[in-house]
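Okay, here's what each chain looks like letter by letter:
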Amino acid sequence: MIRKLKSDKSTGMVTIEINRDELKDIIDSIDNMIDRQQRILLENLPSDEEDRRRLDNYKALKESLRKVWESVMG
């Protein structure tokens, strides 16, 4: 799983080292979380702010990891 972990408590930054397959698994998991959160929002209309914020956070995380994935694969 994680090969190397480095953290800087003063900045709150964490650096992890994983292989490409694990990164792809994480991205796939986030896709599933996004799908689930979208279903929750649709099933519970009107949706509350916390659920919408959670979905936005998942999407932002996916986009960040997608950029990492492209840099690794490109």
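Relevant structure appears above.
Remember, it's a predicted structure, so these values are computed and weren't measured experimentally.

Some words on the pairing of strand β1 (residues 4–8)
Here's step 1: Across the five residues that make up β1, only a small minority, zero, are buried.
Here's step 2: Examined bridge by bridge, β1 and strand β2 (residues 13–17) share five bridges and lie antiparallel to one another. Directly across from K6, in β2, lies its bridge partner T15.
Here's step 3: Hairpin connection, β1 to β2: the antiparallel pair is bridged by four residues, and G12 has positive phi, about 75°.

What about the nonpolar core?
Here's step 1: Formed by L23, I27, I30, I34, L41, L55 and L65, the largest nonpolar core amounts to seven residues.
Here's step 2: Going through the elements one at a time, α1 (20–43) and α2 (49–73) are the ones with two or more residues in this core.
Here's step 3: When residues of this core are assigned to their parent elements, the largest contribution, five residues, is made by α1.
Here's step 4: In this view, I27 contacts L65, R66 and W69; residues no more than four positions away in its chain are not counted.

Definitions and limits used
- Residues numbered from 1 in each chain as written.
- Predicted model: local features only at pLDDT ≥ 70, side-chain atom pairs only at ≥ 80, totals over all residues.
- Heavy atoms only, no water.
- Buried < 20%, exposed > 50% of the residue type's maximum accessible area, 1.4 Å probe, protein only.
- Helix = DSSP H or I, 4+ residues; strand = E, 2+ residues; numbered from the N terminus.
- Pairing = 2+ DSSP bridges.
- Core = buried A, V, L, I, M, F, W, Y, C linked by side-chain atoms within 4.5 Å.
- Contact = heavy atoms within 4.5 Å.

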